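# Observations on chain architecture
What follows is the residue order along each chain.
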Amino acid sequence: APPAGSPVPLPAFPPPDTLPSTAEFPDPLVMRDGTKIATKKDWEEKRRPELKELFQHYMYGRFPAKPEKVTAKVLFEDTKALGGKGTLREVELTFGPPEWPKLYLLIAAPNGTPPVACFVGPNFGGNHLLTAHEQVRVPTVWVPGGYPGVEKGTNRATAEGRGKQADTWPLQQIVESGYAVATFYCGDVQPDRPGVSEGMRATLPAAKDAPPADETATVMWWAWGCHRAVDFLVTDPRTDAKRLAVVGHSRLGKTALLAGAFDDRIAVVIPHQSGCGGAGPSRSKNPKAEPVKRITTVFPHWFCANFRAFGDDTTKIPFDQHSLVAICAPRPVLATNADDDQWANPPGQFDVLTAAAPVYRLYGDARPVAAKLPETGTLADERLGYFVRAGKHSMTPDDWKVFTRYADKWLK
Ligand code: GTR
């Protein structure tokens, strides 16, 4: 077995430019060698593993091995938080080697209930932005400039930011809906910038030399962080291990979908405004949507070098994002969006869900997706769920009402 945290080796695949061109979405139920998949068994034993390897090699980089050990330490616990409605905790997770970054999980949960379903996912700027609670840790690593309370020029977070983005993960509202919620700062796992001197990328020997074209990229590391959060949540007596929903917004929505696809312990997957590299197609027909060329140029660290090679010709990608959704089958996936956010390609995401449906049908769901593009404001709560609200690119308390409604159907 490879050492913990290092990428698991993959079979050899041809270079991106030598792959055949396919204008339409490649069929999720046809193997690379042309074999047709007609049963759940063959899907699970043959095609699903093949797709997971393809997504690693050509897009997100290799899936890191699970750490041998995850140690949890409760940093604080306040049983009278959230307007007296619940308990707020922060838990520090440490993994094996001492030089590895730690992950800080902020958990809000209702009081006095049996174990509840829990939303889990990464946040953009630090747990302290989500609550004014004074015991919540302020990140000490690099944070993006421009967020509330971030020192000019140094990219350091300060206590000034406390509670200033509380609307993005409305902890009390979620707890009042009967759910727990657990989130961590994505940058503790891997800061959102190119370069390999920090975060998990810095712990790999490969990062110091010329990185392989399928080096574990940042979105994959963030997904890895979600999996480590799940490692803790499945041992936590207050959350129900069988009812975890992963959530993330935008780049972290891409992360949520990848995390769900690569971890069957996650019961529901909610990529919010995830767009290109998430639930948005790479072969996009929407001229307003973000193209692969643009995303891999502006954010070269999110995906592996192999994916950048498809920028000029996405028809050579041997899969499209419907196959990432299909890997989640039969688990529910809800793609949520906003009308003004065509950059994230809401209609393209509906095409992606529709194209994933044949795999869901293998599991006996005859109607896994809405028959036509749902209207703005109407939740299509099928197993391949879809929702568009009016408005712009953001994650709001109203979005969370949709997430909890969907979870009420699939997790209660
Ligand atoms: C944009 C990027 C999108 C999306 C967004 C975000 O600049 O083009 O793919 O990830 O950032 O994360 O808010």
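Here the structure is shown first, and the text comes after it.
Residues numbered from 1 in each chain as written. Predicted model: local features only at pLDDT ≥ 70, side-chain atom pairs only at ≥ 80, totals over all residues. Heavy atoms only, no water.

### A closer look at the environment of Lys-316
- Inspection of the secondary structure puts Lys-316 in the loop between α7 (305–308) and α8 (321–327).
- A sequence separation of 293 residues divides Lys-316 from Ala-23, and the C-alpha atoms of the two residues are 8.3 Å apart.
- With residues near it in sequence (within four places) discarded, Lys-316 still touches Pro-16, Asp-17, Leu-19, Pro-20, Ser-21, Arg-283 and Phe-310. (Helix = DSSP H or I, 4+ residues; strand = E, 2+ residues; numbered from the N terminus. Contact = heavy atoms within 4.5 Å.)

### Considering the side chain of Ser-282
- Mapped onto the elements, Ser-282 comes out in the loop between β7 (268–272) and α6 (292–298).
- In this view, Ser-282 contacts Val-292, Phe-307, Thr-314, Ile-317, Asp-320 and Gln-321; residues no more than four positions away in its chain are not counted.

### Points about the sheet that holds strand β1 (residues 70–81)
- Strand order in the open sheet made by the nine strands is β1-β2-β3-β5-β4-β6-β7-β8-β9, with mixed pairing throughout. Where the open sheet ends on each side, the last strands, each with one partner, are β1 and β9 (384–389). When strand polarity is set aside, the average angle formed by the axes of neighbouring strands in this sheet is 20°.
- In terms of strand pairing, strand β3 (residues 103–110) meets strand β5 (residues 180–185) through three bridges, oriented antiparallel. Bridge pairing in β5 places Leu-106 opposite Thr-183.
- Packing against the sheet, helix α9 (residues 346–362) makes contact with β8 (333–338) and β9, and its axis sits at approximately 170° to β9. (Pairing = 2+ DSSP bridges. Axes fitted to C-alpha atoms, helices over the stretch in contact; angles between N-to-C directions.)

### A closer look at the nonpolar core
- Residues Tyr-60, Leu-105, Leu-233, Leu-324, Val-325 and Leu-384 are the most contacted members of the largest nonpolar core, which totals 90 residues.
- For this core, the element with the most residues is helix α4 (residues 218–233), which contributes eleven residues.
- Apart from residues no more than four positions distant in its own chain, Leu-324 is found in contact with Phe-55, Tyr-60, Leu-257, Leu-258, Ala-261 and Phe-262. (Core = buried A, V, L, I, M, F, W, Y, C linked by side-chain atoms within 4.5 Å. Buried < 20%, exposed > 50% of the residue type's maximum accessible area, 1.4 Å probe, protein only.)

### Points about the pairing of β3
- Counting buried positions over the eight residues of β3 gives eight, a clear majority of the element.
- Residue alternation in β3 divides its side chains into two sets, Leu-103, Leu-105, Ile-107 and Ala-109 and Tyr-104, Leu-106, Ala-108 and Pro-110, and both sets are buried.
- Bridge analysis of strand β2 (residues 86–95) against β3 gives eight bridges, and the strand direction is antiparallel. Considered in β3, the bridge of Glu-90 is made with Leu-106.

### Section: the site of the ligand
- As a matter of local geometry, the ligand sits amid Ser-250, Arg-251, Lys-254, Glu-290, Ile-295, Phe-299, Trp-302, Trp-343 and His-393.
- A distance of 3.1 Å separates an oxygen atom of the ligand from a polar atom in the side chain of His-393.
- For the ligand, the accessible surface in isolation is 320 Å², of which the surrounding protein chains cover 81%.
- Of the residues assigned to the shell around the ligand, the class counts are four nonpolar, two polar and three charged. (Near = heavy atom within 4 Å. Polar contact = N/O pair within 3.5 Å; in protein donor to acceptor, adjacent residues only side chain to side chain. Areas by Shrake-Rupley, 256 points an atom, 1.4 Å probe, with all protein chains shown as cover. Nonpolar A, V, L, I, M, F, W, Y, C, P; charged D, E, K, R; others polar.)

### Remarks on the pattern of salt bridges
- Inspection of every chain in the model, using the stated rule, returns 25 salt bridges.
- For the salt bridge of Arg-89 with Asp-236, the shortest nitrogen-to-oxygen distance reads 3.0 Å. Here Arg-89 is found in strand β2, whereas its partner Asp-236 is found in the loop between α4 and β6 (239–249), with 147 residues between them in sequence.
- For Glu-198, the salt bridge goes to Arg-193, with nearest N and O atoms at 3.0 Å. (Salt bridge = Lys/Arg side-chain N within 4 Å of Asp/Glu carboxyl O.)

### Section: the pairing of β9
- Burial analysis of β9 places six of its six residues in the buried class, which makes it a mostly covered element.
- Of the two faces of β9, the one holding Leu-384, Tyr-386 and Val-388 and the one holding Gly-385, Phe-387 and Arg-389 are both buried throughout.
- Strand direction decides the pairing type here: β8 and β9, joined by six bridges, are parallel. Counterpart to Ala-335 in the pairing with β9 is Tyr-386.
- Remark: the β8/α9/β9 crossover connection has right-handed handedness. (Right-handed = clockwise from strand over helix to strand, strands pointing away.)

### A word on α4
- Taking 1.5 Å as the rise per residue, α4 with 16 residues should run 22 Å; its terminal C-alpha atoms sit 23 Å apart, in good agreement.
- Buried residues dominate α4, accounting for 16 of its 16 residues. (Expected span 1.5 Å × (residues − 1).)

### Here's the deal with the packing of aromatic side chains
- The tally for this structure, following the rule as stated, stands at 18 aromatic pairs.
- Here the aromatic rings of Tyr-60 and Phe-303 are separated by 5.8 Å at their centres, their planes lie at 50°, and the arrangement is tilted. Taken as a pair, Tyr-60 in helix α1 (residues 40–60) and Phe-303 in the loop between α6 and α7 lie far apart in primary sequence, 243 residues in all.
- When its relative accessible area of 2% is taken as the criterion, Phe-303 is described as buried.
- What links up through ring pairs into an aromatic cluster is the set Phe-13, Phe-55, Tyr-58, Tyr-60, Phe-303, Phe-307, Phe-310 and Phe-319.
- Seen from the ring of Phe-262, Lys-52 lies directly overhead, with NZ or CZ sitting 5.2 Å from the centre.
- Lying across the ring of Trp-224, Arg-228 places its NZ or CZ 5.2 Å from the centre. (Phe/Tyr/Trp six-rings, centres within 6.5 Å; stacked < 30°, edge-to-face > 60°. Lys NZ or Arg CZ within 6 Å of the ring centre and 35° of its normal.)

### Regarding the packing of α4 against helix α5 (residues 251–261)
- Taken N-terminus to C-terminus, the directions of α4 and α5 make an angle of 60°; their axes are 8 Å apart at the nearest point. With respect to α5, the axis of α4 lies oblique. As for the relative orientation of α4 and α5, their crossing is right-handed in sense. Judged by residue contacts, Val-219, Met-220, Trp-222, Ala-223, Cys-226 and His-227 of α4 engage Arg-251, Leu-252, Lys-254, Thr-255, Leu-258 and Ala-259 from α5.
- Taken together, the residues of the contact of α4 with α5 break down into eight nonpolar, two polar and two charged. (Parallel < 35°, antiparallel > 145°, perpendicular 65-115°, else oblique. Left-handed = near helix turned anticlockwise from the far one by under 90°.)

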